[in-house]
Amino acid sequence: MDFSTALAGDGRKTAGWFVLGLPMLVPIAMLSTMPFSMVARRGRRAIAWLAMCVLFGALMWFAYSQSTPLARLEWALDVEIPTDVKIIRLRETDSFNDGITTVGACIADREFINDLVAHHSLSEDITGGYISPYLPDANISVDGVGYRNDRLTCYHDSKTKTLYFVRRYSDPRP
């Protein structure tokens, strides 16, 4: 997933791995519709169709709501995101071996940064040069403050109120 406010449309792109997943859709579709087919064969077609539409509609809504950039930012930072936080860039990559890495930048005030540091018990010990390789097109200032722990690295530029972050984790997405 690669989200940026500079891109046209809503900015979401896939990695292209969906091509490998397409052949898996047939057995998944067959297995997921079997219970509804069994109900329909017992003479309750209307109930089977209604249950299937309600269930799949709820699943599609849940999948869409979890794939929005704001939901991905909330999951990556593992804190509730205030309404005044504006996402500039959010890139999520999966190595298929050691978990997911999320790299991003957002406009955030000092209160949000303090909550983030307290929630993750981050220690203040890095400079902007540590995050620069992850966001090569960003112009990261040297006047900010950097924080990190074993999974999350943040750098806050107080002049522009921009929070740059990198998070590596192997926790499964909801």
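What you are looking at is a predicted structure, and each value in this text was computed from that prediction instead of being measured. (Residues numbered from 1 in each chain as written. Predicted model: local features only at pLDDT ≥ 70, side-chain atom pairs only at ≥ 80, totals over all residues. Heavy atoms only, no water.)

Topic: the pattern of salt bridges
Quick note on the threshold: Salt bridges are counted wherever a side-chain nitrogen of Lys or Arg sits within 4 Å of a carboxyl oxygen of Asp or Glu. A run of H or I in DSSP counts as a helix once it spans at least four residues, and a run of E counts as a strand once it spans at least two, with each numbered from the N terminus. Exposure is judged per residue with a 1.4 Å probe applied to protein chains only, and the accessible area is read against the type maximum: over 50% gives exposed, under 20% gives buried, and values in between give partly exposed.
One pass over the structure, following the stated rule, counts 2 salt bridges. For Arg 72, the salt bridge identified is with Glu 92, shortest N-O distance 2.5 Å. Taken as a pair, Arg 72 in helix 4 (residues 69-77) and Glu 92 in strand 2 (residues 86-94) lie far apart in primary sequence, 20 residues in all. In this pair, the class of Arg 72 matches that of Glu 92, namely buried. Between Arg 89 and Asp 137 there is a salt bridge, with the nearest N and O atoms lying 3.6 Å from each other. With a gap of 48 residues between them, Arg 89 in strand 2 and Asp 137 in the loop between strand 4 (123-126) and strand 5 (145-148) connect regions that are remote in the sequence. Asp 137 sits in the exposed class, given a relative accessible area of 61%.

A word on unusual backbone geometry
For residues besides glycine, phi is generally negative; the peptide bonds are generally trans as well. Its identity is not glycine, yet Ser 121 carries a phi of approximately 50°, on the positive side. Structurally, Ser 121 can be placed in the loop between helix 5 (110-120) and strand 4. Residue class for Ser 121 comes out exposed when judged on its relative accessible area of 61%. Unlike most non-glycine residues, Lys 161 shows phi in positive territory, near 60°. Topologically, Lys 161 is positioned in the loop between strand 6 (152-157) and strand 7 (162-169).

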